[in-house]
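# Structural overview
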Amino acid sequence: MLAYWYSAPRHIKLIIIIAICAVIYAAHQVQPLSPPYTVLSLVLGFGLHLGQYLQTKISDHSSYKSNFQFLLRIYPLIIVVIVMWVLPPQHNWVATIQALGFVLVGFFLVSIYQNRAKRFE
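### A word on the overall build of the protein chain
The helix and strand tally for the protein chain stands at five helices and zero strands. When the backbone C-alpha atoms are referred to their principal axes, the protein chain occupies close to 50 × 35 × 25 Å. Residues classed as buried in the protein chain amount to 31% of the 121 residues present. Considering only intrachain contacts with a sequence separation of at least 6, the fraction spanning at least 24 residues in the protein chain is 73%. A total accessible area of about 8400 Å² is found for the protein chain, and carbon and sulfur atoms account for 70% of it.

### Side note on the packing of helix α2 (residues 10-30) against helix α5 (residues 92-114)
Closest axis-to-axis distance for the α2/α5 pair is 9 Å, and the angle between their directions is 150°. Regarding the angle of α2 to α5, the classification is roughly antiparallel. Viewed along their axes, α2 and α5 form a crossing whose handedness is left-handed. Here I16, I17, I20, V23, I24, A27, H28 and V30 of α2 lie close against α5, whose contacting residues are V94, I97, Q98, G101, F102, L104, V105, F108 and I112. Looking at the contact of α2 with α5, its residues break down into 14 nonpolar, three polar and no charged.

### Structural notes on helix α4 (residues 65-86)
The terminal C-alpha atoms of α4, which comprises 22 residues, lie 30 Å apart, in line with the 32 Å expected from a rise of 1.5 Å per residue. Largest kink in α4: about 40°, centred on I74, with the proline P76 one to four residues after it.

### What to know about the side chain of H49
Examined against the element boundaries, H49 turns out to sit in helix α3 (residues 35-57). Given a relative accessible area of 5%, H49 falls into the buried group.

### Focus: the packing of α4 against α5
Two numbers describe how α4 lies on α5: the axes approach to 10 Å, and their chain directions differ by 140°. Viewed along their axes, α4 and α5 adopt a mutual orientation that is oblique. When the axes of α4 and α5 are compared, the crossing they make is right-handed. On α5, the residues that touch I79, V80, V83 and M84 of α4 are N92, T96, A99, L100 and V103. Tallied by class, the residues present in the contact of α4 with α5 amount to seven nonpolar, two polar and no charged.

### As for the packing of aromatic side chains
Within this structure, the stated rule accounts for one aromatic pair. Centroid distance F107 to F108: 6.1 Å. Interplanar angle 55°. Geometry classified as tilted. Classification of F108 as buried rests on a relative accessible area of 6%.

### A word on the environment of L72
When you line up the elements, L72 lands in helix α4. Judged by relative accessible area, which is 13%, L72 ranks as buried. Separated by 38 residues in sequence, L72 and S34 place their C-alpha atoms 28 Å apart. For L72, the contacting residues outside a window of four places in its chain are G51, Q52 and Q55.

Parameters at a glance
Residue positions within a chain follow its written sequence, with the count starting from 1. Residues qualify for local features only when their pLDDT is at least 70, as the model is predicted, and side-chain atom pairs are given and counted only at 80 or more; totals for whole chains, interfaces and linings, by contrast, use all residues. Side-chain descriptors were evaluated using all non-hydrogen atoms of the structure, hydrogens and water having been removed beforehand. Secondary structure is summarised from DSSP: a helix means a run of H or I of at least four residues, a strand means a run of E of at least two, and numbering begins at the N terminus for each. Relative accessibility thresholds used throughout: buried, under 20% of the residue-type maximum; exposed, over 50%; partly exposed, between the two (1.4 Å probe, protein chains only). We call two residues in contact when some of their heavy atoms are within 4.5 Å. Every accessible area reported is derived by Shrake-Rupley at a probe size of 1.4 Å, with residue values counting cover from the shown protein chains alone. To get an axis, a line is fitted to the C-alpha atoms, and for a helix only the part in contact is used. The angle between two axes follows their N-to-C directions and goes from 0 to 180 degrees. Every angle not falling under 35 degrees, over 145, or within 65 to 115 is termed oblique; those three ranges are roughly parallel, roughly antiparallel and roughly perpendicular. For any pair of crossing helices, the crossing counts as left-handed if the nearer helix is rotated counterclockwise from the farther one by less than a right angle, and right-handed if it is rotated clockwise. Under this grouping Gly is polar, as are all residues other than the nonpolar Ala, Val, Leu, Ile, Met, Phe, Trp, Tyr, Cys and Pro and the charged Asp, Glu, Lys and Arg. The span expected for a helix works out to 1.5 Å for each residue beyond the first. Across the chain, bend at a residue is computed as the angle between axes fitted to the seven residues ending at that point and the seven starting from it. Under the pairing criterion, centres of Phe, Tyr and Trp rings, with the six-membered ring standing for Trp, must be within 6.5 Å; the plane angle then separates stacked pairs below 30 degrees from edge-to-face pairs above 60, leaving the rest tilted.

Structure (structure tokens):
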């Protein structure tokens, strides 16, 4: 799915980002997410992109490429477990929706910024 994100057209990316922000806003109306959890979620999203970036930099002949690919496949599951474990128990599903939304926003910010067209050489 992350491979699709890197090859998706701009208008699709914009629609997805707006939809995620709308879901975060709707969940915020029920129970706001505290700033430390928001920052943690953004950092986990940055890590998602960092893993994808590092995967492209590792040579195919490297002995640990398959282990790294396995780690990248389970990293989204690790993110969900961390978010579910760290969040407070009250309104847990609402906070989880917001936290996972912020993980995606963090991923979107870094991936779009890195792949943007350079204006000046």
